[in-house]
Amino acid sequence: MVRKKRYSPVFLLMILFVCLALVLTGCSRRTAGTGGDDDPENTPEAVETETPSPEATPTSSPDPSPDPVTGSGLDVNQVRVFMDRNHQDENVLGCFIEDFDRDGSDEAVVVAGSSDDDISGFYVLRLKDGILSQVGELSGNDNGYSIRKIEPVRFAETDLTFICVELTNWVSLSGFAIYEIYGEGVLQLFVAASPTGAGEDALLDLDDDGIYDGFYQRRWSYDVFYYPIHRQFLWIDGLLYPDICDIELPGYPDAIEGVITEYLILSTLALENCPAADDRMAMLCPNPPDIVVQDSLRDLYHALSNEVLELDEGLGFEISQEGDSAEVRVYGADYYGQVHEFTFSMVRKDYGWCIESIN
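Residues numbered from 1 in each chain as written. Predicted model: local features only at pLDDT ≥ 70, side-chain atom pairs only at ≥ 80, totals over all residues. Heavy atoms only, no water.

**Q** What should I look at first to understand a nonpolar patch on the surface in this one?
**A** A surface patch of nonpolar side chains, about 390 Å² in accessible area, is lined by Tyr-222, Tyr-226, Leu-309 and Leu-311. By the element assignment, Leu-311 lies in the loop between α6 (301-308) and β13 (316-322). (Patch = residues over 30% accessible without salt bridge, like charges linked within 9 Å, V, L, I, M, F, W, Y side chains within 5 Å. Areas by Shrake-Rupley, 256 points an atom, 1.4 Å probe, with all protein chains shown as cover. Salt bridge = Lys/Arg side-chain N within 4 Å of Asp/Glu carboxyl O. Helix = DSSP H or I, 4+ residues; strand = E, 2+ residues; numbered from the N terminus.)

Laid out in structure tokens, this is it:
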């Protein structure tokens, strides 16, 4: 028989108080957490982020800065990349960058060729709206001579920059050609180089300020009938004007044929601002013929050239002389074989024979 254990009323009352205290404590904790700063619902959730690797770190791409040399947004590296893509067979021998035509966009003049002694010409590249493109085709190679040098030049009274191509035949000729970037093309403004392969033409800087005032010219070959000539031309408002001129003249001709030949030579050369030539012309022909006759004398140019070069089909002379007077029939064929003739009336003065009239 099992005997039941009996508890006193006091013990049971104490047990009741302990249970009630535990219940009240739990409720108190839940009530304090509701809506408070420690509530998990109001505490920001910690988000774990991955630390990026060095390769993936973003870097800012700075805007293109001006080239330290040219001061422009176009630089030599861009030019080389363009040339490598479009003209792989050409070496870049030089590069000049600026706004040549002052249109607000930079241009690059790129000297191309296989070596400094074998320059092909130049290309013009233009940077506009961030795009680099080519203006025209290869330029500077259209003058019949080798190219010694290519560089930008400035002339007085203009803010434009031009391109000068120095020409040579590596023997007895030096000359140049001037080009301008105009719109979407390249224009040759003028060329100064003897067609005979002998002569000197070069730009002229009168005050050594780096800006050219014109050019000078020395010629001595058969293009000037072997009369050495020095001329100077000035750049004024975009045009070249004759400035000074000098010619080395031989002694006054002794024979009638020599007088007529020299008169035809100086008439053909038509030298401006040349006192030496003017003085000699006044002696050769004190009373110049009218403009119609002077223009007609050009028909003898071909025969005159052959005469000076001692070739066949030169000038013909038939002289009828009486004392200090003479009538001379002068004739010669033009380039097409048509014969032209003139009558020169001659008179002898104290210094020699001279032309009185031409018909």
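Still more to cover.
**Q** Please clarify how the nonpolar core should be interpreted in this entry.
**A** In a soluble, globular protein the nonpolar side chains are often hidden away together inside. By size, the foremost hydrophobic cluster in this structure holds 36 residues, and its most contacted members are Ile-247, Tyr-263, Leu-264, Leu-269, Phe-344 and Met-346. Sorting the residues of this core by element identifies β12 (239-247), α3 (256-269), α4 (275-284), α6, β14 (325-333), β15 (339-349) and β16 (352-358) as the ones contributing at least two each. Of the residues forming this core, the biggest block, eight residues, is contributed by α3. For Ile-247, the contacting residues outside a window of four places in its chain are Tyr-227, Pro-228, Ile-229, Leu-266, Leu-269, Leu-271, Cys-274, Ala-276 and Ala-277. Counting 16 residues, the second-largest nonpolar core is a separate cluster that includes Phe-100, Ile-147, Ile-163 and Leu-167. (Core = buried A, V, L, I, M, F, W, Y, C linked by side-chain atoms within 4.5 Å. Buried < 20%, exposed > 50% of the residue type's maximum accessible area, 1.4 Å probe, protein only. Contact = heavy atoms within 4.5 Å.)

**Q** Any chance you could explain the environment of Pro-275 here in plain terms?
**A** Take Pro-275: it is sitting in helix α4. You can call Pro-275 exposed: its relative accessible area is 52%. When the C-alpha atoms of Pro-275 and Ile-247 are compared, they prove to be 8.8 Å apart, with 28 residues separating the residues in sequence.

**Q** Would you mind showing me how to read the sheet that holds strand β2 (residues 106-115) here?
**A** Two modes of strand pairing occur in sheets, parallel and antiparallel, and in both the strands are linked by backbone hydrogen bonds. Spatially, four strands are ordered β1-β2-β3-β4 in an open sheet, and the strand pairing comes out antiparallel. Of all the strands in the sheet, just β1 (91-98) and β4 (131-139) have a single pairing partner and so form its edges. Adjacent strand axes in the sheet meet at a mean angle of 25°, parallel and antiparallel pairs treated alike. As paired elements, β1 and β2 share seven bridges and run antiparallel to each other. For Gly-94, the partnering residue across the bridge sits in β2 and is Val-111. Those strands touched by helix α2 (residues 76-86) are β1, β2, β3 (118-128) and β4, and its axis lies near 135° from that of β1. (Pairing = 2+ DSSP bridges. Axes fitted to C-alpha atoms, helices over the stretch in contact; angles between N-to-C directions.)

**Q** Help me out: how do you make sense of the sheet that holds β15 in this one?
**A** Here we have four strands laid out as an open sheet, ordered β13-β14-β15-β16, and antiparallel in their pairing. Each edge of the sheet is formed by a strand with only one pairing partner; in this case those strands are β13 and β16. Strand after strand, the sheet turns through a mean of 30° between neighbouring axes, direction not considered. Two strands pair when backbone bridges link them, and β15 and β16 are joined in this way by six bridges, in the antiparallel orientation.

**Q** Help me understand the packing of aromatic side chains, please; the structure alone is not making it clear to me.
**A** Two measures describe an aromatic ring pair: the distance that separates the ring centres and the angle between the ring planes. Enumeration over the complete set of coordinates arrives at twelve aromatic pairs. Centroid distance Phe-155 to Tyr-212: 6.4 Å. Interplanar angle 55°. Geometry classified as tilted. Of this pair, Phe-155 sits in the loop between β5 (146-153) and β6 (162-168) while Tyr-212 sits in the loop between β9 (199-204) and β10 (214-219), placing them 57 residues apart in sequence. Among the residues examined, Phe-155 registers a relative accessible area of 1% and is labelled buried. Seen from their ring centres, Phe-162 and Trp-235 are 5.6 Å apart, and the 65° between their planes marks the pair as edge-to-face. With Phe-162 in strand β6 and Trp-235 in strand β11 (residues 229-236), the pair connects residues that are 73 residues apart, well separated along the chain. Here the two residues Phe-162 and Trp-235 agree in accessibility, since each one is buried. (Phe/Tyr/Trp six-rings, centres within 6.5 Å; stacked < 30°, edge-to-face > 60°.)

**Q** Sorry if this is basic, but what is going on with the pattern of salt bridges here?
**A** Here the idea is simple: oppositely charged side chains can pair when their charged atoms come close. Tallying each qualifying case throughout the model produces 14 salt bridges. The partner of Arg-126 in a salt bridge is Asp-103, and the shortest N-O contact between them spans 3.7 Å. In this pair, Arg-126 sits in strand β3 while Asp-103 sits in the loop between β1 and β2, placing the two residues 23 residues apart along the sequence. Taking relative accessible area as the criterion, Asp-103 reaches 39% and is therefore assigned partly exposed. The salt bridge partner of Arg-329 is Glu-318, with a shortest N-O separation of 2.9 Å.

**Q** Just checking my understanding: could you explain the pairing of β6 for this structure?
**A** Every other side chain in a regular strand lies on the same face of the sheet, so the side chains alternate between the two faces. In terms of burial, β6 is largely enclosed, as six of its seven residues are buried. With seven bridges connecting them, β5 and β6 associate as antiparallel partners. When the bridges of β6 are listed, Val-153 appears paired with Phe-162. Looking at chain direction, β6 and strand β7 (residues 173-182) are connected through six bridges and run antiparallel. Bridge pairing links Glu-166 to Phe-176 in β7. With antiparallel pairing between neighbouring strands as the criterion, β6 and β7 make up a hairpin whose turn holds four residues, including Trp-170 at a positive phi of roughly 65°.

**Q** Whenever I open this one, the packing of α3 against α6 confuses me. Can you help?
**A** Any two packed helices are characterised by the angle at which their axes cross and by the distance between the axes. Axis separation between α3 and α6 bottoms out at 11 Å; the angle between their running directions is 120°. Considering their axes alone, α3 and α6 lie oblique with respect to each other. Considering the relative orientation of α3 and α6, their crossing is left-handed. Taken together, the residues of α6 that come into contact with α3 (itself represented by Thr-261, Leu-264, Ile-265 and Thr-268) are Tyr-301, Leu-304 and Val-308. Here the residues of the contact of α3 with α6 sort into five nonpolar, two polar and no charged. (Parallel < 35°, antiparallel > 145°, perpendicular 65-115°, else oblique. Left-handed = near helix turned anticlockwise from the far one by under 90°. Nonpolar A, V, L, I, M, F, W, Y, C, P; charged D, E, K, R; others polar.)

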